Amino acid sequence: MSRIQAVHTRSGSVSKALAADRLGIPAVLFFILAGVAPLTVAAGVIPTAYETTGLTGIPAAFAVVAVILAIFASGYIAMTRHVISSGAFYTLISRGLGRTAGVAAALVALLAYSCLQVGLYGALGPAAAAEAAEHLGLHATWWVWALAAWALITTLGLLRVDITGRVLGVLLTAEITVIVCETVAGLAHPAGGHLSFVTLSPAALFSAGFGTFGVLAVVAVLGFVGFEQAPVLAEETRRPKRTIPAATYVALGVITIVYAGASWAMAVHAGASHVVAAAAAQGPGLLFGLGGGTLSQAAQLLFVTSLFAAALAFHNVTWRYVYALGRENVLPAVLGRTGGNNIPKAASLTQSATGLAVIVIYAIGGWSPMSYLFFWLGTTGGLGIMILLALTAVAVVAFFGRDPRGESAWARLIAPVLAGVVLVGIIVLAVRNYATLLGVPPGDPATWALPASYAVVAAIGLGWGAVLKVRRPQVYATIGLGAQAPR
Amino acid sequence: MTGLAGTGRLADDLYLMAHDEVTGKALLSPRAVGLGLAGGLLAELLLAGTLRITASGPAVTSAAPPVDGLARAVLGVVVAEREQYPVRDWLAFLARTAADDVANRLAGAGYLAWARRGWRGQGWVPADPDCAFAPIARIRAALSSVGPAPGQGTALAGLAVACGLGPRLVQYLPPQHHRRLGQAMAQLDPGLRAVIGQTRAAIDNALLCHRI
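Quick caveat, the model's predicted, so the values are computed rather than measured.

Rules used in this analysis
- Residues numbered from 1 in each chain as written.
- Chains lettered and ligands numbered in written order.
- Predicted model: local features only at pLDDT ≥ 70, side-chain atom pairs only at ≥ 80, totals over all residues.
- Heavy atoms only, no water.
- Helix = DSSP H or I, 4+ residues; strand = E, 2+ residues; numbered from the N terminus.
- Rg over C-alpha atoms; globule rule 2.2 N^0.38 Å.
- Buried < 20%, exposed > 50% of the residue type's maximum accessible area, 1.4 Å probe, protein only.
- Areas by Shrake-Rupley, 256 points an atom, 1.4 Å probe, with all protein chains shown as cover.
- Lys, Arg positive; Asp, Glu negative; His and termini not counted.
- Charge placed at Lys NZ, Arg CZ, Asp CG, Glu CD.
- Contact = heavy atoms within 4.5 Å.
- Buried area = accessible area lost by both parts, 1.4 Å probe.
- Salt bridge = Lys/Arg side-chain N within 4 Å of Asp/Glu carboxyl O.
- Nonpolar A, V, L, I, M, F, W, Y, C, P; charged D, E, K, R; others polar.
- Core = buried A, V, L, I, M, F, W, Y, C linked by side-chain atoms within 4.5 Å.
- Phe/Tyr/Trp six-rings, centres within 6.5 Å; stacked < 30°, edge-to-face > 60°.
- Axes fitted to C-alpha atoms, helices over the stretch in contact; angles between N-to-C directions.
- Parallel < 35°, antiparallel > 145°, perpendicular 65-115°, else oblique.
- Polar contact = N/O pair within 3.5 Å; in protein donor to acceptor, adjacent residues only side chain to side chain.
- Pairing = 2+ DSSP bridges.

Visitor: Lay out the overall build of chain B in plain terms, naming residues and giving numbers.
Guide: When you go through chain B residue by residue, the secondary structure sums to 8 helices and 4 strands. When the helices and strands of chain B are listed from N to C terminus, the series reads α-α-β-β-α-α-β-β-α-α-α-α. Its C-alpha atoms give chain B a radius of gyration of 16 Å, within 12% of the compact-globule value 17 Å for 212 residues. In terms of overall dimensions, chain B has a C-alpha envelope of 45 × 40 × 40 Å along the principal axes. Counting only residues that meet the buried cut, chain B has 55% of its 212 residues in that class. Summing over all exposed atoms, chain B offers an accessible surface of approximately 8700 Å²; the carbon and sulfur share of this is 57%. Measuring between centres, the 20 positive side-chain charges of chain B sit 4 Å from its 15 negative side-chain charges.

Here it is as structure tokens:
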């Protein structure tokens, strides 16, 4: 007897079987948090941000940005209920603001995720080099380790390996445990014996003028990148209406507590007035130094695995973007093809090639990987995500403006307008104060070149969208349809 | 028993194409194999005229039920369900068991044997590599025939491309056959076209959703 016959002979068995095959809240939550990579942010982003920007309001920024993102999420999730969106942001932007804008958004997203992925090699190289020197007695410069990690990620990408399920669950749990332990240890030993709340106060957000908030918000958004991934799984969940918002809000809550707590503990332990200097001297050690001995050792090792898992996760997110765009013929069709075992080789290799080129350029230039690769490209990726969030908020308003589809005024209008206005404000402030974000004197070419790169790709996208509209209307018609696009 | 002519059933041919003809190793990811074979099982019922695709999903016709046990079992589930499900839900449902069921059916017909597969333990291995390779030759013949291409051959080729076997076909089919496949697909029954399109969308969706 066939298996299908053995199990299913009564009405209702199909829905039961389908439900059993789908994901619940914990699976979606893990999926989100895995992309967020907590230790990468806690040990990598936060100390580097203290050092580079010289600002101390980072803990407060995490809390405030979490609220902004929660408001944004209500409109965002409402729209994903009506638009099947495996391509997330650019799909929503094409449906809300038109396909030409969608192409521009797609290229902005591609650049942003690429920056985030490639930037991770800048932290992975030095972290692996330090661990290898200390424990294995192997002494090699950062880029040797970055290239080794690159080779491994390229191979795993071609085998289409996602670190999933148990391995990721264990890593993630260990990472969060370690951060919480370090945080508690740090708070238990405050500088001067006094627990200071100054870095958590809203006043810290504007310590060096109004523009400070824009800079801090970009750093915080960088920490939250990945929270937007839940709707990608909507079709795979048992009860999308409940599962997707629940997982998103729980993830936002967990991330906020962990990051705000860890960054606050670092400031408390070193002293708010000394934390910037301590970050410059210790780097990721600013977190590891909160606890002692074994905890610190475990944290350093987990930092390397966290960075690696994040680099692989972002590699997989980026090639999926490239693949989705290739499928829709927005990018060359060859990028939207799969080879044996359904592996999209061309899309995966394109992202690998970008990574290789950047590592080689930094190695030849002799630039500091932690500041100029990890933090500069990371924050620039964060700015790109912010631009996409703002565009998506506008797209949500436009989409529901044509037809409310039974959504509440809060979700379809008030929340996205609120989020959109605040996000645009933050972007303007951040771009005007990019020198502070990068830790360079005002007028440095990087302060305009990095943000302007988004304007350039957006302009290319708008142009290419217009060309497709006129020259290849059948391709234009399928932009943003994702897996539903015919080919 | 076994022969180069095959069992005449679409999902059987697709199974053989999706696995190495000598080692029996899958050439696609497990999810893609499952979804592709689910499409194959639906296509078999469409080709036999026992199922048609309506706007709300597959519906049973008054045609005589198929003789084959697996096809009858699939039809039985469709009949038993009072609720209508769209094609993609049926694909997801059938995909869970399709690979096992089709492998067992092929084993029953003598095309597969349960045997040792190197160091990776036991698995299904083609009984005769030539018979296992024959579906590709059948697609070749269908696409080079004079007049309209036969529906089953076209549907098989369309499903094979949909689940990611395009590169394998490219290897063995002359370039003019790819154009021919496009034309033949356009003339295919709309129901079969819908099943093939939905199979491709389901697999691409799984890939984009990190589920492959």
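After that view, the rundown keeps rolling.
Visitor: Explain the overall build of chain A residue by residue, including any values.
Guide: Within chain A, the regular secondary structure consists of 20 helices and 0 strands. A globule of 487 residues ought to have a C-alpha radius of gyration of about 23 Å, and chain A, at 22 Å, matches this closely. Taken over the C-alpha atoms alone, chain A extends approximately 70 × 55 × 45 Å along its principal axes. Taking the contacts inside chain A whose residues are at least 6 apart along the sequence as the reference set, 81% of them involve residues at least 24 apart. Accessible surface, chain A as shown: approximately 18000 Å² in total, 69% of it carbon and sulfur. Looking at chain A, you have 25 positive and 14 negative side-chain charges, and the mean spots of the two groups are 17 Å apart.

Visitor: Explain the interface of chain A and chain B to me, using residue names and the numbers behind them.
Guide: In this complex, chain A contributes 42 residues to the contact, which on the side of chain B involves 39 residues. Across the interface of chain A and chain B, roughly 3600 Å² is buried in total on both sides, 53% from carbon and sulfur atoms. Joining chain A to chain B, the criterion identifies 3 salt bridges. Among the salt bridges present, the one from B:Arg31 reaches A:Glu236, with a minimum N-O distance of 3.5 Å. Ranked by residue count, the leading element in the side of chain A that touches chain B is helix α14 (residues 293-327) of chain A, at 6 residues. Among the residues making up the side of chain A that touches chain B, the classes are represented as 15 nonpolar, 16 polar and 11 charged.

Visitor: How would you summarise the nonpolar core if you had to cite specific residues and measurements?
Guide: Judged by nonpolar contacts, the single largest core of 168 residues is most densely connected at A:Tyr50, A:Phe62, A:Phe72, A:Tyr113, A:Phe224, A:Leu287 and A:Ile385. Residues in contact with A:Phe62, not counting those within four places in the same chain, are A:Val41, A:Ile46, A:Ala220, A:Gly223, A:Phe224, A:Thr256, A:Tyr259, A:Ala260 and A:Ser263.

Visitor: Lay out unusual backbone geometry in plain terms, naming residues and giving numbers.
Guide: All names here are of chain A. Here Asn329, not a glycine, exhibits a phi torsion of approximately 65°, which is positive. On the secondary structure map, Asn329 appears in the loop between α14 and α15 (345-365). Overall, Asn329 belongs to the partly exposed group, its relative accessible area being 23%. In this structure, Asn342 takes a positive phi of about 55° despite not being glycine. Along the chain, Asn342 turns up in the loop between α14 and α15.

Visitor: Run through the packing of aromatic side chains, naming residues and quoting values.
Guide: Residues and elements named next belong to chain A. Under the counting rule described, the total for this entry stands at 18 aromatic pairs over all chains. Pairing Tyr113 with Phe314 gives two aromatic rings, centres 6.4 Å apart and planes at 35°, and the pair type is tilted. Placement of the pair is Tyr113 in helix α7 (residues 99-136) and Phe314 in helix α14, with a sequence separation of 201 residues. A single burial state applies to Tyr113 and to Phe314, both of which are buried. Members of the aromatic cluster, each reached through a chain of ring pairs, are Tyr90, Tyr113, Phe314 and Tyr321.

Visitor: How would you explain the packing of helix α8 (residues 142-158) of chain A against α15(A) if you had to name every residue and give the values?
Guide: All names here are of chain A. Where α8 contacts α15, the axes come no closer than 10 Å and their chain directions differ by 180°. When the interaxial angle is binned, α8 and α15 end up roughly antiparallel. Between α8 and α15, the residues in contact are Trp142, Trp143, Ala146, Leu147, Trp150, Thr154, Gly157 and Leu158 and Lys345, Ser348, Leu349, Ser352, Gly355, Leu356, Ile359, Tyr362 and Ala363, respectively. Its residues assigned to classes, the contact of α8 with α15 comprises 11 nonpolar, 5 polar and 1 charged.

Visitor: Can you break down the side chain of A:Thr392 residue by residue, with the values?
Guide: Among the secondary structure elements, A:Thr392 is positioned in helix α16 (residues 369-402). Leaving out residues up to four positions away in the same chain, A:Thr392 has contacts with A:Phe72, A:Tyr76, A:Phe89, A:Leu92 and A:Ile93.

Visitor: Could you give an account of the environment of B:Gly191, with specific residues and numbers?
Guide: Residue and element names in this part refer to chain B. Along the polypeptide, Gly191 turns up in helix α8 (residues 190-208). Distance from Gly191 to Leu46, taken between C-alpha atoms, is 7.3 Å for residues 145 residues apart in sequence. Sequence-distant contacts of Gly191, that is, excluding residues within four places in its chain, are made with Leu46 and Ile53.

Visitor: Residues and numbers for the side chain of A:Ser306, please.
Guide: All names here are of chain A. You can see Ser306 is positioned in helix α14. Ser306 sits in the buried class, given a relative accessible area of 0%. At a separation of 3.2 Å, a polar atom in the side chain of Ser306 contacts the side chain of Glu175. Excluding its chain neighbours within four sequence positions, the residues that come into contact with Ser306 are Ala37, Leu39, Thr40 and Glu175.

Visitor: Explain the pairing of strand β2 (residues 57-60) of chain B to me, using residue names and the numbers behind them.
Guide: All names here are of chain B. Judged from the 4 bridges that link them, strand β1 (residues 51-54) and β2 form a sheet pairing that is antiparallel. Along β2, the bridge assignment pairs Thr54 with Gly57. The turn linking β1 back onto β2 is made up of 2 residues.

Visitor: Talk me through the environment of B:Ala103; I want residue IDs and the actual numbers.
Guide: Residue and element names in this part refer to chain B. Note on placement: Ala103 falls in helix α4 (residues 87-108). Expressed as a C-alpha distance, the spacing of Ala103 and Ala142, which sit 39 residues apart in the sequence, is 24 Å. In contact with Ala103, not counting residues within four places along its chain, are Tyr15, Leu112 and Trp124.

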